[in-house]
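# Structural characterization, general
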Amino acid sequence: MKNIHLLGGLTADQFLQRHWQKKPLLIRNAIPDMRALLAREDLFSLAAREDVESRLITNFRQQWKMQQGPLSTLPSTAQKNWTLLVQGVNLHDDQADQLLHQFRFIPDCRLDDLMISYATAGGGVGAHVDSYDVFLLQAHGQRRWRISAQQDLRLREDLPLKILRHFEPEQEFILNPGDMLYLPPQYAHEGVAVNECMTYSIGFRAPAWQELGEAFLAFMADAIELTGRYADPALRTTRHPGAISDHMMDAVNRTLLKLGSTAADREIFLGEYLSEPKPSVSFDPQVKPLGARQFAKAVARSGIRLHRKTRMLHRGKYVFMNGESYSPGTQDRRILRRLADNRALDATHLSQASSDLSESLYRWYLDGWVDLQTTKALQKT
Ligand code: SIN
Ligand code: CO
């Protein structure tokens, strides 16, 4: 596999073997000629929106404060020691989405989002650890990172944000635009803006077992079908009316033991769970959609692509999109897997689609999940 400039000359496999979930990597000039994709004003407008997750963190007069978005007003950019974090920028901006795609050597179900932080000199979020792997790409200005493999991860209790009680930095780097720092989960770090700066965090996700388990039980609750109810035609009088009888306990045991899940249940659950968009995400249905026939003609000309908000995965005979599962025939499955892997399909690949798949494509188009490849509608929302 070829060396990826992004990884400082390592191949993606070398990076995964040596660093991923194991140890940090500093990559100087990972993206040559890096320039911020969004101006600070664009970021501030995103932070004011209801459908965008944002946080303002200030450290004025040595006091940490945190405010959740939407944020219609922000401190002056002339004031030091504040930072704005905007989550999921890739959902709202095509260039940010494309940047995230440079990290697709890691599977989509592990990729989370692109968070952008803006900070004035001295701004930061304090020394902390994150639960997930992260690439910290410097996009504008300079940031000083101090990092530590320390085991003491106790937090200060008096603060509105998670800041380590004791931080013992072991390494320190100043990142310039285009430089990038990879950190595995639970690695202590602190980034402080040297001057006005923007840092892009390419974040990952990994399901927490408790959450996954709870979601699985909710999924199974929808799937189970138990007919009939308890009956006791042989009931006799009892001297212990408060007791639950063996007869009832045995009947319940027999019933509950039927509640196992099949491999198919678990596959469908996982695909739906991992492809489910975050609760803040909403799709914009087409405002002036083409009719079904016109759409089919346009698809035959230009092909389709997934909207940047769409999460599409596949496994075995199933295909998953935005929390829904499909089990298409072999030919359609091949087409849909290609769509999931490439996030776009040329017209030639679509010419073999069944009429069922063509109908689904049209529905997904109406709902804003997919669009024609040439359309401008996907630029900015
Ligand atoms: C930041 O960009 O200011 C914070 C990112 C992080 O520490 O994870
Ligand atoms: Co962090």
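Residues numbered from 1 in each chain as written. Chains lettered and ligands numbered in written order. Predicted model: local features only at pLDDT ≥ 70, side-chain atom pairs only at ≥ 80, totals over all residues. Heavy atoms only, no water.

### Examining the sheet that holds strand E13 (residues 312–315)
Selection rule: Between any two strands, pairing holds if DSSP finds at least two bridges. Numbered from the N terminus, helices here are DSSP runs of H or I no shorter than four residues, and strands are runs of E no shorter than two. Axis lines are fitted through C-alpha atoms, for helices just across the contact stretch, and the angle between N-to-C directions can take any value from 0 to 180 degrees.
Judged by pairing direction, the sheet is antiparallel, and its three strands sit side by side in the order E13-E14-E15 without closing on themselves. Every interior strand has two partners, whereas the edge strands, E13 and strand E15 (324–326), have only one. With direction set aside, neighbouring strand axes in the sheet form an average angle of 20°.

### Side note on helix H6 (residues 263–275)
Three or four residues apart is the spacing at which side chains of an α-helix point the same way, because the helix has 3.6 residues per turn. Filter applied, for reference: Residue count minus one, scaled by 1.5 Å, sets the expected span of a helix. Three labels apply to residues, based on accessible area from a 1.4 Å probe with only protein chains included: buried if under 20% of the type maximum, exposed if over 50%, partly exposed otherwise in between. Only heavy atoms enter the contact rule, under which two residues are in contact if any of them lie within 4.5 Å.
Relative to the 18 Å expected for 13 residues at 1.5 Å per residue, H6 spans 18 Å between its end C-alpha atoms, a close match to the ideal helical length. Restricting attention to buried positions, one finds in H6 the residues Ile268, Phe269, Gly271, Leu274 and Ser275. Those residues of H6 that are buried lie in contact with helix H4 (209–223), E13, strand E14 (318–321) and E15.

### Focus: the pattern of salt bridges
The criterion, for reference: Salt-bridge detection follows one rule: a side-chain nitrogen of Lys or Arg within 4 Å of a carboxyl oxygen of Asp or Glu.
Tallied over the entire structure, the rule returns 15 salt bridges. For Asp94, the salt bridge identified is with Arg308, shortest N-O distance 2.8 Å. Of the two residues, Asp94 sits in helix H3 (residues 94–101) while Arg308 sits in the loop between strand E12 (304–306) and E13, which places them 214 residues apart along the sequence. There is no split in this pair, since Asp94 and Arg308 are both buried. Linking Arg104 and Asp108 is a salt bridge whose minimum nitrogen-to-oxygen distance equals 2.7 Å. Owing to a relative accessible area of 26%, Arg104 belongs among the partly exposed residues under this scheme. By sharing partners, the salt bridges in this structure join Arg40, Glu41 and Glu196 into a single network.

### Digging into the site of ligand 1
Note the cut-off: Residues are counted as near a molecule or strand when any one of their heavy atoms sits within 4 Å of it. Any pair of N or O atoms that falls within 3.5 Å is considered a polar contact. Within protein, one atom must be able to donate a hydrogen and the other to accept it, and sequence-neighbouring residues count only if both atoms are side-chain atoms. Only the protein chains shown count as cover for residues, and all accessible areas are computed by the Shrake-Rupley method using a 1.4 Å probe. Residues are grouped as follows: Ala, Val, Leu, Ile, Met, Phe, Trp, Tyr, Cys and Pro are nonpolar; Asp, Glu, Lys and Arg are charged; all remaining types, including Gly, are polar.
Every residue near ligand 1 is listed here: Met115, Ser117, His128, Asp130, Leu136, Arg143, Trp145, His189, Thr199 and Ser201. His128 is positioned with one of its side-chain polar atoms (N or O) 3.1 Å from an oxygen atom of ligand 1. Burial of ligand 1 by the surrounding chains reaches 94%, relative to a free accessible area of 260 Å². Secondary structure elements with two or more residues in the shell around ligand 1: strand E5 (111–119), strand E7 (143–148) and strand E11 (197–204). Of the residues that constitute the shell around ligand 1, the class distribution is three nonpolar, five polar and two charged.

### Some details on the domain arrangement of the protein
The cut-off we apply is this: Segment limits for the domains were obtained from an automatic or database-derived domain assignment.
Domain assignment breaks the protein into domain 1 (12–204), domain 2 (221–260) and domain 3 (292–380). Computed from C-alpha coordinates alone, the two centres of domain 2 and domain 3 are separated by 48 Å.

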